[in-house]
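# Geometric and topological summary
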Amino acid sequence: MTVVARGPLAIPTLALMIGLASCAGDSPIEPVAPSLEDLLPPVTELAGWTIADGPLEYTPETLYEYLNGGAERYDTHGFRRLVHIRYQHDDDPLACVTLDVYDMGSELGAFGIFSAARPLGREPRQWGAEGYRIGTIAAAYKGSFFFHGEADDERTELVEMLDTLMLRVTEGVEGSVSPPSIFASLPVDHRMPGSERYVPENLLGHSFLPGGVLATYEIDGRRAELFLSDLGTGQRAADATAALRAHFEQRGTVVGGSPSFGDDGFRVTDPIFGQATVVRSGNSIAGIHGDLSTEEGEEILRRLITAVL
Amino acid sequence: MAGTIDRRKFLKLGTATAGFALGCGQDNPEPPPADAPLAMRYRPLGATGLEVSEISFGAHGVDNPPLMAAALDAGINTFCTSGRYMDGREEEALGEAMARIGVPRDQVVILTGNPPPKPDETVESILADIDASLTRLRTDSIDVYCNAQVESPDDVLSEPLFEAFERANKAGKVRFLAIAGHHGGMQECLEAGIECGRYQVFFTKYDFVSYPEQDEILNRAAAQGIGTMVFKVGAGNRKHEIEDLEAGGLSFHQATLKWALGRPEVASVAVTLTSFDQIRESVAAVGTGLVAAETAMLRRYADEMRHRYCRFCTTCEAGCPHGVAVAEIMRYEMYFSCYGREKEAMRLYTQLPHTATGAACADCRGPCNAACPFGREVRAGLLDAHARLDLREA
C-alpha cells in the first residue's frame, strides 16, 4: 500500500478550512458586527421605488418566523442574522422585490447554504462569488453572506430591479469572488460545474462524520459523488472509517480488495449508494460512490488524496 | 389510561402535581436498548383514508437517497416538504431520491405546499405552483397540499386557494388540503379551518409547554374528520440550558415524541432527520410510551422553561394600560442576553417611544402577568430588561 506523501501544512490547513466552519453554529455571536441594514441598497438611490416593508431583522431564535421549517438548515450552517426588506415600485403594493441578506458567520456557511439551494435550470449571474437567477428568484453568496432576492412576478421592471439589487448588494460586501479554497483541491477533470457542496454536519447521514465537502463527477453520462471530511485527528478518522465500514457491512456489501492509496481502504457495492470506495488518509476520510466504475472512481479519489493530503 | 399522562394537568398544575405526573409513568425507568428492533406504527390521518407513519420525515435530509431508503426501511412512509424550502430544491431532492430508490408512489405519503396566496395571487398562479411542485417531485399527485405558514384567519380563508385546490383535486393533482403553521396566531387559524370546512388536515406546531388550548381545538378537528400531524414538539429544544436533563441515558427528543404520540388526535410527528442515528432514535420512540423518568424530565423542562422566555405572542399587550411594547422589548432583551449583541439591543431599545418602554412598569400593578398565557412574570421581565437596555436614564 502506498502512503501518500503530504506537506506539513496541508492537514492543519484542511482541518482549519472544514473544522472551523463546522463549528460555526456553536461559536458565540460576535458582539460587534456591522449592521446588515448598511448593506442594503438605499432606497434614495432607487428612483421610483419605496420601501414597502422592513428592514426587519431575524436572529437564530426568530428565523423560523420567516422561513418556517426551512430555518433549521440555516441554523446548521451557522446562521447568525438576517435582514429582510421589500422594495415597492411606484405606489403599487403588488409590485415589490424582496431582498434578504443572511450573515452565515463563515464563508463555508454562506457557500453551504447557497450550494444546498442551487435549483436545476438556474441561469448563472456575475454576482458575488457565485450567483444565479431562475425566473423571479435570485441567489448569490460572497464572503460570509448569502443573498436571496425575489420579485413578486415576472414583470420586466421587477425582474430588472431584482438584478440591480443583487448586483449592488453583492458589490457592497467585501470577500473573495472565488469558491472556498478547499474546492480548489478537488480534481477538475469530469467535475460537474456547480456541483460542489458543503455539508456542515452528518456528512452522508452519519453522525460520526462531521462537516465535509462533496462534488459530483460525470463520465459518459454516469455520475458519482466525491466526499471529503476532516476528523481532526488520525484516531478519529480511523474510528469513523471503521464505523462507515460497519455501516456498509450491515446495509450494503463490502467487496474484496482495496485501493492502492490511503489507509484502511475498502470497496462497497450498494443498490442505492452504488459502487463506492472509501479511504482514510491522515486525519481525513474520503470516498467516491455512484455509477462510475471502480477504476474511474478510484482515479478521481486518488487525485483528491494526492492534492489535499 | 395507564402509561400516559394527562397533558392539560401536566401543563397547568405545576409543582404541586409532580407526584401525579411521575406516578403516571411506567415503573421501568430504563429506555429500550439501542439495538432493539424498530417497529413503526401507522395511524389514520383523520378521514382522509391515508395511513401515515407515526414518525414523518421532515424536509431536510431527503437529498441523501441512502438516508431516505433507511427511513423507508424503518417504516417511515410520510415525507414533508415545501415548494418554498430552498426555492424548491428540497422538492427536487425528494423527487430525485424517490426515483433513485425506486419507491412505488403509492407506498409514500407526500405533504408539500406553499405560503398563503398573496392578495393579488390568481387561481392560475396557484395551479402553476402546484404543477411546479409536481414536476420537482417527479410525481403526478400530491397527497396533502399545505397552505403553509398561515398567520391569520385571512390566510386560511383564501378563495383563490380553495378554487385552485378544487380544480387541482378534480384533475387528480392534489388529494387533500391542509393548514400548516406555527405562528402565535395558529389557534385562530385552526379555528377558522374547522369553521370553514375546507381543510382535511392540520399540520401544526405542538409541544408540551405552549398553547394548552390547542388540545381542545384538535379534539374538535378530529370530530370533524380533520387529521392532525405535528412538528416542533421539542418546545424550543433548549435542553442544553438545563444541566443533566438527560442524565441516566434519557433522550429528551424521544420523550417529546412519545409525549406527542400519546395524544390520540396526533396522527404523526414530523422530525427533521439528517442522520441514520436520528432515524433510529426517533423510530425507537414509537410504541413505547413515556416512562416515569421521561415524564419527570419533561416536567422539569416545562417548569424551568415556561417562565424563562417570551414567545412574543403579544397577548399581554392588549391589557397594558401604558401601551408597553412587550414583545419588542423582550426580543431586544434576548438580543442582549442570548446573542451578545448588547450595543444593538440598546440602540433598538432607545428607538422605542419612552412611554412604550419598561419605564412605565415601575409603578404599575402589572395586569400583564395575568394575561400571559404561559404564566410568565411579564412585569418583572420588563423591569429587568429596562434596567439592562435603557441608556436614557443611565
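The following paragraphs examine the structure supplied in this document. Note that the structure is predicted; figures quoted are calculated from it, not measured.

Another aspect to go through is the overall build of chain A. Scanning chain A from terminus to terminus reveals seven helices and 14 strands. Classification of the 309 residues of chain A by burial places 49% in the buried group.

The next thing to look at is the packing of helix α5 (residues 123–137) of chain B against helix α7 (residues 159–170) of chain B. The relative placement of two packed helices comes down to the angle between their axes together with the axis-to-axis distance. Residue and element names in this part refer to chain B. Following both chains from N to C, one finds α5 and α7 inclined at 50 degrees, their axes separated by 9 Å at the closest point. Comparing their axes, α7 and α5 come out oblique. The crossing of α5 and α7 is right-handed. Two secondary-structure elements touch here, α5 through Val123, Ile126, Leu127 and Ile130 and α7 through Pro160, Leu161, Glu163, Ala164, Arg167 and Ala168. Of the residues belonging to the contact of α5 with α7, the class tally is eight nonpolar, no polar and two charged.

All names here are of chain A. By the bridge criterion, four bridges tie strand β8 (residues 197–201) to strand β9 (residues 210–219) in an arrangement that is antiparallel. Following the sheet pairing, Glu201 is matched in β9 by Pro210. Adjacent in sequence and paired antiparallel, β9 and strand β10 (residues 222–230) are bridged by two residues, among which Asp220 carries a positive phi angle near 50 degrees.

Moving on, we get to helix α16 (residues 378–389) of chain B. Residue and element names in this part refer to chain B. Between its first and last C-alpha, α16 extends 16 Å over twelve residues, near the 16 Å set by a 1.5 Å rise per residue. Among all positions of α16, only Val378, Arg379, Gly381, Leu382, Ala385, His386 and Leu389 are buried. The buried residues of α16 occupy an angular sector of 160 degrees when projected down its axis, which confines them to one face.

We now examine unusual backbone geometry. Pro55 of chain A follows Gly54 of chain A through a cis peptide bond whose omega is 0 degrees. Within the secondary structure, Pro55 of chain A is located in strand β1 (residues 49–58). In the Ramachandran plot, Asn202 of chain A falls in the positive-phi region, its phi being about 50 degrees despite a non-glycine side chain. Inspection of the secondary structure assignment puts Asn202 of chain A in the loop between β8 and β9. Of the residues examined, Asn202 of chain A has 24 C-beta atoms within 10 Å and is grouped as buried. Phi is positive for Gln149 of chain B, close to 65 degrees, though the residue is something other than glycine. Relative to the assigned elements, Gln149 of chain B resides in the loop between β6 (142–147) and α6 (153–156). Exposure remark for Gln149 of chain B: the 24 C-beta atoms within 10 Å place this residue in the buried category.

Rules of the game
- Counting starts from 1 at the beginning of each chain's written sequence and moves along it residue by residue.
- Chains and ligands are labelled sequentially in the order written, the chains with letters from A and the ligands with numbers from 1.
- Only residues with pLDDT of 70 or above have their local features reported here, since the model is predicted, and side-chain atom pairs are shown and tallied only from 80 upward, although totals for entire chains, interfaces and linings are computed over all residues.
- Only DSSP runs of H or I covering at least 4 residues are called helices, and only runs of E covering at least 2 are called strands; the numbering of each starts at the N terminus.
- Comment: burial labels come from other C-beta atoms within 10 Å of the residue's own C-beta, placed from the backbone, where a count of 20 or more is buried, 12 or fewer is exposed, and between is partly exposed.
- Inter-axis angles, ranging from 0 to 180 degrees, are taken between N-to-C directions of lines fitted to C-alpha atoms, where helices are fitted over the stretch in contact.
- For classification purposes, angles smaller than 35 degrees are called roughly parallel, those larger than 145 roughly antiparallel, those between 65 and 115 roughly perpendicular, and all remaining angles oblique.
- Should the near helix be turned anticlockwise from the far one by less than a right angle, the crossing is left-handed, and should it be turned clockwise, the crossing is right-handed.
- Residue pairs qualify as contacts under a 7 Å threshold applied to their C-beta atoms, which are placed from the backbone.
- Gly is placed with the polar residues, together with every amino acid not listed as nonpolar (Ala, Val, Leu, Ile, Met, Phe, Trp, Tyr, Cys and Pro) or charged (Asp, Glu, Lys and Arg).
- When DSSP finds two or more bridges between a pair of strands, those strands are recorded as paired.
- Given a helix with a known number of residues, its expected span is that number minus one, times 1.5 Å.
- By definition, the arc is the one covered by directions from the helix axis to the C-beta atoms.

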